[in-house]
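Breakdown of the fold
Below, each chain spelled out in residue letters.
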Amino acid sequence: MYDNMDMATVKSLDSQHVMATYQREDVAFVRGKGAVLWDTEGKEYLDMVGGLAVCGLGHCHPAVVRALRKQAGLLLHTSNLYYIQKQAELAARLAPLLPKGLEKIFFCNSGTEAVEGALKLAVLATGRQGIIAAENSFHGRTAAALAATGQEKYRKGLGGLLPVLASFVKYGDAEALSAKMGPDIAAVILEPVQGEGGVVVPPDGYLEQVRTLCDMHGALLILDEVQTGMGRTGKMFCCEHSGVSPDIMTMAKALGGGVPIGAIAATAKVAASFTPGTHGSTFGGNPLACAAACAVLDTMVSRDIAAAAASKGEALQRKLSALMKRYPAVIKEVRGRGLMIGIVMEGERAKAFKAAAFSSRVLVNVAAGNVVRLLPPLVITRKQLARFYDVLEEFCQKDAPAEQCL
Ligand code: PLP
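Residues numbered from 1 in each chain as written. Predicted model: local features only at pLDDT ≥ 70, side-chain atom pairs only at ≥ 80, totals over all residues. Heavy atoms only, no water.

Focus on the overall build of the protein
The condition is simple: The way it works is that DSSP assigns letters per residue, a run of H or I at least four long becomes a helix, a run of E at least two long becomes a strand, and they are numbered from the N terminus. All radius of gyration figures rest on C-alpha atoms, and the globule criterion is 2.2 Å times the number of residues raised to 0.38. Using a 1.4 Å probe on the protein chains alone, a residue whose accessible area is under 20% of its type maximum counts as buried, one over 50% counts as exposed, and one in between counts as partly exposed.
Along its length, the protein carries 14 helices and 15 strands. On C-alpha atoms alone, the protein measures out to a radius of gyration of 21 Å, which is about the 22 Å that the 2.2 N^0.38 rule sets for 406 residues. Along the first, second and third principal axes, the C-alpha atoms of the protein reach 60 × 55 × 45 Å. The burial tally for the protein puts 51% of its 406 residues in the buried class.

Focus: the packing of aromatic side chains
Filter applied, for reference: Only centres within 6.5 Å qualify two rings of Phe, Tyr or Trp (six-membered ring in Trp) as a pair; their planes then separate them into stacked at under 30 degrees, edge-to-face at over 60, and tilted for everything else. Only when the NZ atom of a Lys or the CZ atom of an Arg is both within 6 Å of the ring centre and within 35 degrees of the ring normal do we say a charge sits over the ring.
Using the criterion set out here, one finds seven aromatic pairs in the structure. A centroid spacing of 6.2 Å and a plane angle of 65 degrees characterise the contact between Phe106 and Phe274, whose relative ring orientation is edge-to-face. Highlighted residues: Phe106 in strand β4 (residues 102-108) and Phe274 in the loop between α10 (268-271) and α11 (287-302), separated in sequence by 168 residues. On the basis of relative accessible area, Phe274 is assigned to the buried category, the value being 19%. Considering the side-chain rings of Phe138 and Tyr154, the 4.9 Å spacing of their centres and the 65 degrees angle between planes classify their relative orientation as edge-to-face. Of this pair, Phe138 sits in the loop between β5 (130-134) and α6 (143-147) while Tyr154 sits in helix α7 (residues 152-155); the two residues are 16 residues apart in sequence, bridging distant segments of the chain. Accessibility classification places Phe138 together with Tyr154 in one group, the buried group. Through pairs of rings, three or more aromatic residues link up here, namely Phe29, Tyr45 and Phe358. One Lys or Arg, Arg31, reaches over the ring of Trp38 and ends 4.1 Å from the middle of that ring.

Re the side chain of Thr250
For the record, the criterion: Side-chain atoms alone can form a polar contact between residues adjacent in sequence; in general such a contact is a pair of N or O atoms within 3.5 Å, and within protein one must be able to donate a hydrogen while the other accepts it. Residue contacts are counted whenever heavy atoms from the two residues lie within 4.5 Å of one another.
Relative to the helices and strands, Thr250 resides in strand β9 (residues 248-251). A polar side-chain atom of Thr250 sits 2.9 Å from a polar atom in the side chain of Asp224. Once you skip the residues sitting within four places of it in the chain, Thr250 turns out to touch Ala114, Val115, Ala118, Leu223, Asp224, Glu225, Val226 and Ala263.

Examining the nonpolar core
For clarity, the threshold we go by: The set of buried Ala, Val, Leu, Ile, Met, Phe, Trp, Tyr and Cys residues whose side-chain atoms join them within 4.5 Å is what this entry labels a nonpolar core. Where each domain starts and ends comes from a domain assignment, either automatic or drawn from a database.
The biggest cluster of nonpolar side chains holds 81 residues, and the ones touching the most others in it are Leu320, Ile343, Phe353, Leu374, Phe388 and Leu392. With nine residues, α11 is the largest single contributor of residues to this core. Counting contributing residues, this core receives three or more from each of domain 1 (7-61 + 304-404) and domain 2 (75-302). If near-sequence neighbours (up to four positions away) are discounted, Leu320 is found in contact with Val334, Ile341, Ile343, Leu374, Phe388, Tyr389 and Leu392. The next biggest cluster of nonpolar side chains, apart from the first, holds 24 residues, and it includes Ala118, Ala148, Ala271 and Phe274.

Notes on the pattern of salt bridges
Here is the rule: Any carboxyl oxygen of Asp or Glu within 4 Å of a side-chain nitrogen of Lys or Arg constitutes a salt bridge here.
Here the structure, examined in full by the defined rule, presents 17 salt bridges. Linking Arg24 and Asp14 is a salt bridge whose minimum nitrogen-to-oxygen distance equals 3.2 Å. Residue Arg24 is located in the loop between α1 (7-17) and β1 (29-33), and its partner Asp14 is located in helix α1; the two are separated by ten residues in the primary sequence. For Arg24, a relative accessible area of 52% translates into the label exposed. Connected through shared salt-bridge partners, Lys86, Glu89, Arg93 and Asp298 make up one network.

Take a look at the structure:
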(Lines give C-alpha, C1' and ligand atoms only; values in the text may rest on other atoms or scores of the structure.)
Protein backbone atom coordinates (compact mmCIF):
# COMPACT_ATOMS: atom_id res chain seq x y z
CA MET A 1 0.00 0.00 0.00
CA TYR A 2 3.01 2.28 0.43
CA ASP A 3 4.59 1.67 -2.98
CA ASN A 4 5.90 4.82 -4.67
CA MET A 5 5.33 6.87 -1.54
CA ASP A 6 5.66 10.62 -1.99
CA MET A 7 7.90 12.74 0.20
CA ALA A 8 5.09 14.09 2.36
CA THR A 9 3.96 10.56 3.26
CA VAL A 10 7.53 9.44 3.99
CA LYS A 11 8.01 12.38 6.35
CA SER A 12 4.70 11.89 8.04
CA LEU A 13 5.26 8.16 8.70
CA ASP A 14 8.82 8.83 9.83
CA SER A 15 7.79 11.50 12.33
CA GLN A 16 5.00 9.31 13.70
CA HIS A 17 6.95 6.08 14.09
CA VAL A 18 10.73 6.55 13.88
CA MET A 19 12.79 7.72 16.85
CA ALA A 20 14.10 11.20 16.20
CA THR A 21 17.85 10.47 16.41
CA TYR A 22 18.72 11.97 13.03
CA GLN A 23 18.56 15.50 11.74
CA ARG A 24 17.56 14.60 8.22
CA GLU A 25 17.71 16.59 5.01
CA ASP A 26 14.33 17.16 3.42
CA VAL A 27 14.65 14.42 0.82
CA ALA A 28 14.29 10.64 0.40
CA PHE A 29 16.19 8.79 -2.28
CA VAL A 30 14.68 5.90 -4.15
CA ARG A 31 17.30 5.01 -6.74
CA GLY A 32 21.05 5.33 -7.23
CA LYS A 33 23.76 4.61 -9.77
CA GLY A 34 27.45 5.41 -9.36
CA ALA A 35 27.66 8.85 -7.76
CA VAL A 36 24.09 9.83 -8.67
CA LEU A 37 20.92 9.57 -6.58
CA TRP A 38 17.30 10.18 -7.55
CA ASP A 39 14.64 11.34 -5.11
CA THR A 40 10.93 10.53 -4.81
CA GLU A 41 10.13 13.12 -7.47
CA GLY A 42 12.75 11.83 -9.90
CA LYS A 43 15.14 14.74 -9.27
CA GLU A 44 18.82 13.92 -9.72
CA TYR A 45 21.55 14.66 -7.13
CA LEU A 46 25.33 14.38 -7.18
CA ASP A 47 26.39 12.41 -4.11
CA MET A 48 29.58 13.70 -2.45
CA VAL A 49 28.70 11.93 0.82
CA GLY A 50 28.67 8.33 -0.47
CA GLY A 51 26.40 7.08 2.31
CA LEU A 52 29.04 8.29 4.80
CA ALA A 53 31.91 6.42 3.13
CA VAL A 54 29.88 3.24 2.61
CA CYS A 55 29.32 3.49 -1.13
CA GLY A 56 32.96 3.28 -2.21
CA LEU A 57 31.93 1.52 -5.40
CA GLY A 58 29.03 3.90 -5.86
CA HIS A 59 25.34 3.10 -5.65
CA CYS A 60 24.19 -0.31 -6.85
CA HIS A 61 27.47 -1.37 -8.42
CA PRO A 62 26.50 -4.10 -10.92
CA ALA A 63 29.01 -6.61 -9.51
CA VAL A 64 27.59 -6.20 -6.00
CA VAL A 65 23.98 -6.36 -7.21
CA ARG A 66 24.74 -9.50 -9.22
CA ALA A 67 26.40 -11.20 -6.23
CA LEU A 68 23.50 -10.29 -3.94
CA ARG A 69 20.88 -11.55 -6.38
CA LYS A 70 22.73 -14.83 -6.82
CA GLN A 71 23.26 -15.36 -3.09
CA ALA A 72 19.68 -14.34 -2.22
CA GLY A 73 18.43 -17.15 -4.41
CA LEU A 74 20.68 -19.70 -2.69
CA LEU A 75 20.93 -19.02 1.03
CA LEU A 76 20.53 -15.95 3.25
CA HIS A 77 21.44 -17.07 6.74
CA THR A 78 22.35 -20.12 8.77
CA SER A 79 24.18 -18.70 11.89
CA ASN A 80 27.76 -19.27 13.00
CA LEU A 81 26.87 -22.64 14.49
CA TYR A 82 27.88 -23.98 11.08
CA TYR A 83 30.68 -23.28 8.63
CA ILE A 84 29.77 -20.57 6.14
CA GLN A 85 31.16 -21.02 2.65
CA LYS A 86 30.98 -17.33 1.68
CA GLN A 87 32.53 -16.24 5.00
CA ALA A 88 35.53 -18.51 4.46
CA GLU A 89 35.82 -17.24 0.89
CA LEU A 90 35.68 -13.60 2.03
CA ALA A 91 38.32 -14.17 4.72
CA ALA A 92 40.60 -15.78 2.15
CA ARG A 93 40.14 -12.82 -0.22
CA LEU A 94 40.58 -10.18 2.48
CA ALA A 95 43.60 -11.70 4.27
CA PRO A 96 46.16 -11.02 1.51
CA LEU A 97 44.99 -7.39 1.30
CA LEU A 98 45.53 -6.68 5.01
CA PRO A 99 48.50 -4.76 6.41
CA LYS A 100 51.53 -6.93 7.17
CA GLY A 101 51.15 -9.30 10.11
CA LEU A 102 47.33 -9.31 10.22
CA GLU A 103 46.11 -12.79 9.43
CA LYS A 104 42.90 -13.60 11.27
CA ILE A 105 39.49 -12.03 10.82
CA PHE A 106 36.25 -11.85 12.81
CA PHE A 107 33.14 -10.68 10.96
CA CYS A 108 30.43 -8.51 12.49
CA ASN A 109 27.82 -6.06 11.18
CA SER A 110 28.98 -2.49 11.74
CA GLY A 111 31.85 -0.21 12.64
CA THR A 112 30.98 0.19 16.28
CA GLU A 113 30.70 -3.56 16.68
CA ALA A 114 34.13 -4.00 15.13
CA VAL A 115 35.58 -1.47 17.59
CA GLU A 116 33.74 -3.06 20.51
CA GLY A 117 35.21 -6.45 19.59
CA ALA A 118 38.67 -5.00 18.99
CA LEU A 119 38.77 -3.45 22.48
CA LYS A 120 37.54 -6.67 24.00
CA LEU A 121 40.21 -8.63 22.14
CA ALA A 122 42.94 -6.22 23.28
CA VAL A 123 41.93 -6.59 26.92
CA LEU A 124 41.76 -10.37 26.67
CA ALA A 125 45.08 -10.62 24.79
CA THR A 126 47.06 -8.41 27.17
CA GLY A 127 45.33 -9.10 30.48
CA ARG A 128 45.33 -5.30 30.96
CA GLN A 129 42.39 -2.91 31.20
CA GLY A 130 43.60 0.53 30.12
CA ILE A 131 42.78 2.04 26.73
CA ILE A 132 44.24 5.26 25.36
CA ALA A 133 42.33 7.03 22.62
CA ALA A 134 42.61 10.41 20.96
CA GLU A 135 40.78 13.60 21.68
CA ASN A 136 38.35 14.44 18.88
CA SER A 137 38.12 10.78 17.86
CA PHE A 138 35.01 8.86 16.84
CA HIS A 139 34.78 5.10 17.23
CA GLY A 140 31.05 4.38 17.39
CA ARG A 141 27.95 4.42 19.55
CA THR A 142 28.05 1.24 21.64
CA ALA A 143 29.37 1.34 25.20
CA ALA A 144 33.07 0.53 24.84
CA ALA A 145 33.41 2.26 21.46
CA LEU A 146 31.76 5.33 22.93
CA ALA A 147 34.00 5.16 25.99
CA ALA A 148 36.95 5.42 23.57
CA THR A 149 35.36 8.28 21.61
CA GLY A 150 37.04 11.54 22.53
CA GLN A 151 34.12 13.89 21.93
CA GLU A 152 31.99 14.79 24.92
CA LYS A 153 28.88 15.54 22.84
CA TYR A 154 28.46 11.84 22.02
CA ARG A 155 28.92 10.71 25.65
CA LYS A 156 26.80 13.31 27.40
CA GLY A 157 24.30 12.02 29.94
CA LEU A 158 25.40 8.38 29.72
CA GLY A 159 27.44 8.44 32.94
CA GLY A 160 27.92 5.00 34.42
CA LEU A 161 26.78 3.17 31.29
CA LEU A 162 30.19 3.80 29.76
CA PRO A 163 33.14 1.81 31.05
CA VAL A 164 35.72 4.27 32.37
CA LEU A 165 38.65 2.50 30.80
CA ALA A 166 39.78 5.09 28.31
CA SER A 167 41.94 8.13 28.73
CA PHE A 168 42.48 10.66 25.98
CA VAL A 169 45.52 12.34 24.49
CA LYS A 170 45.91 15.03 21.87
CA TYR A 171 45.77 13.50 18.39
CA GLY A 172 49.08 13.78 16.57
CA ASP A 173 51.11 14.43 19.73
CA ALA A 174 53.41 11.48 20.41
CA GLU A 175 54.90 13.12 23.51
CA ALA A 176 51.48 13.42 25.12
CA LEU A 177 50.91 9.74 24.39
CA SER A 178 54.29 8.78 25.81
CA ALA A 179 53.40 10.52 29.09
CA LYS A 180 50.22 8.41 29.44
CA MET A 181 51.72 5.02 28.55
CA GLY A 182 52.29 2.51 31.35
CA PRO A 183 52.08 -1.15 32.36
CA ASP A 184 48.27 -1.06 32.66
CA ILE A 185 47.68 0.00 29.05
CA ALA A 186 46.16 -2.74 26.91
CA ALA A 187 45.89 -0.72 23.72
CA VAL A 188 46.08 2.58 21.95
CA ILE A 189 43.22 3.07 19.51
CA LEU A 190 43.44 5.65 16.73
CA GLU A 191 41.91 6.56 13.41
CA PRO A 192 44.76 6.93 10.86
CA VAL A 193 42.89 10.06 9.71
CA GLN A 194 40.13 11.34 12.00
CA GLY A 195 36.88 11.39 10.04
CA GLU A 196 33.94 12.47 12.16
CA GLY A 197 36.31 14.84 14.00
CA GLY A 198 36.68 16.87 10.78
CA VAL A 199 39.11 15.00 8.49
CA VAL A 200 42.22 15.54 10.62
CA VAL A 201 45.45 14.15 9.16
CA PRO A 202 48.16 13.50 11.77
CA PRO A 203 51.69 14.86 11.26
CA ASP A 204 54.12 12.72 9.26
CA GLY A 205 55.85 10.17 11.47
CA TYR A 206 53.11 10.12 14.13
CA LEU A 207 51.85 6.59 13.54
CA GLU A 208 55.45 5.31 13.46
CA GLN A 209 56.08 6.95 16.86
CA VAL A 210 52.86 5.48 18.25
CA ARG A 211 53.89 2.04 17.00
CA THR A 212 57.26 2.38 18.77
CA LEU A 213 55.62 3.52 22.02
CA CYS A 214 53.17 0.60 21.96
CA ASP A 215 56.04 -1.85 21.42
CA MET A 216 58.09 -0.29 24.23
CA HIS A 217 55.23 -0.65 26.70
CA GLY A 218 53.83 -3.98 25.57
CA ALA A 219 50.55 -2.36 24.48
CA LEU A 220 48.65 -3.21 21.32
CA LEU A 221 47.99 -0.75 18.53
CA ILE A 222 44.41 -0.75 17.23
CA LEU A 223 43.87 1.20 14.04
CA ASP A 224 40.25 2.03 13.33
CA GLU A 225 39.96 1.91 9.52
CA VAL A 226 36.17 1.85 9.55
CA GLN A 227 36.04 5.10 7.57
CA THR A 228 39.54 5.27 6.05
CA GLY A 229 39.68 1.67 4.81
CA MET A 230 38.75 0.07 1.49
CA GLY A 231 40.61 2.44 -0.80
CA ARG A 232 39.13 5.66 0.58
CA THR A 233 42.48 7.42 1.15
CA GLY A 234 44.17 6.12 -2.00
CA LYS A 235 45.51 2.88 -0.49
CA MET A 236 43.46 -0.17 0.42
CA PHE A 237 44.07 0.77 4.09
CA CYS A 238 45.18 4.20 5.21
CA CYS A 239 47.97 2.89 7.47
CA GLU A 240 49.79 1.76 4.31
CA HIS A 241 50.74 5.41 3.70
CA SER A 242 52.96 5.22 6.78
CA GLY A 243 54.02 1.59 6.52
CA VAL A 244 52.78 1.03 10.09
CA SER A 245 50.92 -2.20 10.78
CA PRO A 246 48.61 -2.41 13.76
CA ASP A 247 48.06 -5.47 15.97
CA ILE A 248 44.32 -5.11 15.49
CA MET A 249 42.43 -3.29 12.75
CA THR A 250 38.74 -2.53 12.37
CA MET A 251 36.83 -2.21 9.11
CA ALA A 252 33.19 -1.74 8.07
CA LYS A 253 31.47 0.92 5.92
CA ALA A 254 32.63 0.31 2.31
CA LEU A 255 33.45 -3.38 2.85
CA GLY A 256 29.91 -4.46 1.96
CA GLY A 257 29.24 -1.96 -0.83
CA GLY A 258 26.04 -0.86 0.96
CA VAL A 259 25.24 -4.09 2.80
CA PRO A 260 26.00 -3.99 6.54
CA ILE A 261 29.21 -5.81 7.43
CA GLY A 262 32.16 -5.08 9.71
CA ALA A 263 35.35 -6.91 10.50
CA ILE A 264 38.19 -7.11 12.99
CA ALA A 265 41.59 -8.25 11.74
CA ALA A 266 44.39 -9.20 14.10
CA THR A 267 47.76 -10.91 14.21
CA ALA A 268 47.52 -14.64 14.77
CA LYS A 269 49.05 -14.21 18.24
CA VAL A 270 46.51 -11.62 19.37
CA ALA A 271 43.60 -13.41 17.68
CA ALA A 272 44.38 -16.54 19.70
CA SER A 273 42.68 -14.85 22.68
CA PHE A 274 39.31 -15.16 20.94
CA THR A 275 38.37 -18.75 21.66
CA PRO A 276 34.95 -20.43 21.27
CA GLY A 277 32.46 -18.51 23.38
CA THR A 278 34.57 -15.38 24.02
CA HIS A 279 32.97 -13.44 21.19
CA GLY A 280 30.26 -13.91 18.60
CA SER A 281 27.48 -12.42 16.51
CA THR A 282 24.26 -13.93 15.20
CA PHE A 283 24.41 -12.11 11.87
CA GLY A 284 28.18 -11.58 11.66
CA GLY A 285 29.62 -12.87 8.40
CA ASN A 286 26.35 -14.18 7.06
CA PRO A 287 26.24 -15.48 3.47
CA LEU A 288 24.48 -12.46 1.99
CA ALA A 289 26.79 -9.82 3.47
CA CYS A 290 29.86 -11.90 2.65
CA ALA A 291 28.76 -12.40 -0.96
CA ALA A 292 28.49 -8.61 -1.32
CA ALA A 293 31.90 -8.06 0.30
CA CYS A 294 33.54 -10.67 -1.97
CA ALA A 295 32.22 -8.75 -4.98
CA VAL A 296 33.44 -5.46 -3.47
CA LEU A 297 36.97 -6.79 -2.93
CA ASP A 298 37.15 -8.37 -6.40
CA THR A 299 36.10 -5.12 -8.02
CA MET A 300 38.37 -2.96 -5.87
CA VAL A 301 41.39 -5.07 -6.74
CA SER A 302 40.67 -5.75 -10.41
CA ARG A 303 39.84 -2.08 -11.14
CA ASP A 304 42.54 -0.68 -8.84
CA ILE A 305 39.96 1.56 -7.22
CA ALA A 306 42.40 2.78 -4.54
CA ALA A 307 44.86 4.13 -7.11
CA ALA A 308 42.02 5.87 -8.94
CA ALA A 309 40.90 7.42 -5.63
CA ALA A 310 44.45 8.64 -5.01
CA SER A 311 44.74 10.35 -8.36
CA LYS A 312 41.23 11.87 -8.41
CA GLY A 313 41.64 12.97 -4.78
CA GLU A 314 45.00 14.62 -5.44
CA ALA A 315 43.66 16.50 -8.46
CA LEU A 316 40.62 17.72 -6.51
CA GLN A 317 42.71 18.75 -3.49
CA ARG A 318 45.03 20.73 -5.78
CA LYS A 319 42.08 22.62 -7.27
CA LEU A 320 40.57 23.21 -3.83
CA SER A 321 43.87 24.56 -2.49
CA ALA A 322 44.05 26.97 -5.41
CA LEU A 323 40.46 28.04 -4.71
CA MET A 324 41.36 28.61 -1.05
CA LYS A 325 44.11 31.01 -2.15
CA ARG A 326 41.53 32.97 -4.14
CA TYR A 327 38.94 33.00 -1.33
CA PRO A 328 40.81 32.94 1.99
CA ALA A 329 37.86 34.53 3.76
CA VAL A 330 35.68 31.53 2.90
CA ILE A 331 38.06 28.55 2.86
CA LYS A 332 40.53 28.33 5.73
CA GLU A 333 42.14 24.98 4.99
CA VAL A 334 41.94 22.01 2.66
CA ARG A 335 43.10 18.68 4.07
CA GLY A 336 42.70 14.95 3.67
CA ARG A 337 43.97 11.97 1.75
CA GLY A 338 42.64 10.46 -1.45
CA LEU A 339 38.89 10.98 -1.64
CA MET A 340 38.51 11.75 2.07
CA ILE A 341 38.71 15.52 2.00
CA GLY A 342 37.91 18.23 4.51
CA ILE A 343 37.33 21.84 3.48
CA VAL A 344 37.56 23.98 6.60
CA MET A 345 35.37 27.06 6.33
CA GLU A 346 35.04 30.22 8.31
CA GLY A 347 32.28 30.39 10.95
CA GLU A 348 28.89 29.10 9.82
CA ARG A 349 29.89 28.97 6.16
CA ALA A 350 30.23 25.17 5.99
CA LYS A 351 26.56 24.83 6.90
CA ALA A 352 25.64 27.62 4.48
CA PHE A 353 27.56 25.84 1.73
CA LYS A 354 25.80 22.56 2.50
CA ALA A 355 22.44 24.31 2.04
CA ALA A 356 23.58 26.07 -1.15
CA ALA A 357 24.95 22.82 -2.58
CA PHE A 358 21.71 21.05 -1.72
CA SER A 359 19.70 23.59 -3.68
CA SER A 360 22.04 22.88 -6.62
CA ARG A 361 21.35 19.17 -6.00
CA VAL A 362 24.80 18.35 -4.73
CA LEU A 363 25.04 16.49 -1.40
CA VAL A 364 27.83 17.26 1.05
CA ASN A 365 28.30 16.56 4.74
CA VAL A 366 29.51 18.86 7.51
CA ALA A 367 31.73 17.46 10.29
CA ALA A 368 32.98 19.18 13.45
CA GLY A 369 30.70 22.16 12.77
CA ASN A 370 32.89 23.95 10.23
CA VAL A 371 34.38 21.29 7.95
CA VAL A 372 32.78 20.30 4.66
CA ARG A 373 33.58 16.59 4.59
CA LEU A 374 33.72 14.94 1.18
CA LEU A 375 33.42 11.15 0.99
CA PRO A 376 32.19 10.61 -2.58
CA PRO A 377 31.99 7.20 -4.20
CA LEU A 378 35.52 6.31 -5.31
CA VAL A 379 34.12 5.60 -8.77
CA ILE A 380 32.98 9.20 -9.18
CA THR A 381 33.98 10.61 -12.57
CA ARG A 382 36.27 13.60 -13.05
CA LYS A 383 33.38 15.36 -14.75
CA GLN A 384 31.20 14.86 -11.66
CA LEU A 385 34.00 16.18 -9.45
CA ALA A 386 34.22 19.22 -11.71
CA ARG A 387 30.50 19.81 -11.20
CA PHE A 388 31.01 19.80 -7.43
CA TYR A 389 33.92 22.21 -7.82
CA ASP A 390 31.82 24.60 -9.91
CA VAL A 391 29.12 24.68 -7.21
CA LEU A 392 31.74 25.42 -4.55
CA GLU A 393 33.40 28.09 -6.67
CA GLU A 394 30.07 29.81 -7.24
CA PHE A 395 29.40 29.75 -3.49
CA CYS A 396 32.81 31.29 -2.80
CA GLN A 397 32.21 34.01 -5.40
CA LYS A 398 28.88 34.94 -3.84
CA ASP A 399 29.92 34.54 -0.23
CA ALA A 400 33.37 36.12 -0.04
CA PRO A 401 33.49 39.66 1.31
CA ALA A 402 34.25 41.76 -1.80
CA GLU A 403 37.46 43.28 -0.42
CA GLN A 404 38.87 39.81 0.23
CA CYS A 405 38.33 38.30 -3.23
CA LEU A 406 41.88 38.04 -4.56
N1 PLP B 1 34.85 4.12 13.64
C2 PLP B 1 34.98 5.15 12.79
C3 PLP B 1 36.35 5.67 12.48
C4 PLP B 1 33.86 5.72 12.18
O5 PLP B 1 34.00 6.75 11.35
C6 PLP B 1 32.59 5.19 12.50
C7 PLP B 1 31.37 5.78 11.92
O8 PLP B 1 31.37 6.85 11.38
C9 PLP B 1 32.50 4.13 13.40
C10 PLP B 1 33.64 3.61 13.95
C11 PLP B 1 31.16 3.53 13.74
O12 PLP B 1 30.67 2.85 12.65
P13 PLP B 1 29.11 2.42 12.58
O14 PLP B 1 28.33 3.67 12.41
O15 PLP B 1 29.05 1.48 11.41
O16 PLP B 1 28.81 1.74 13.86
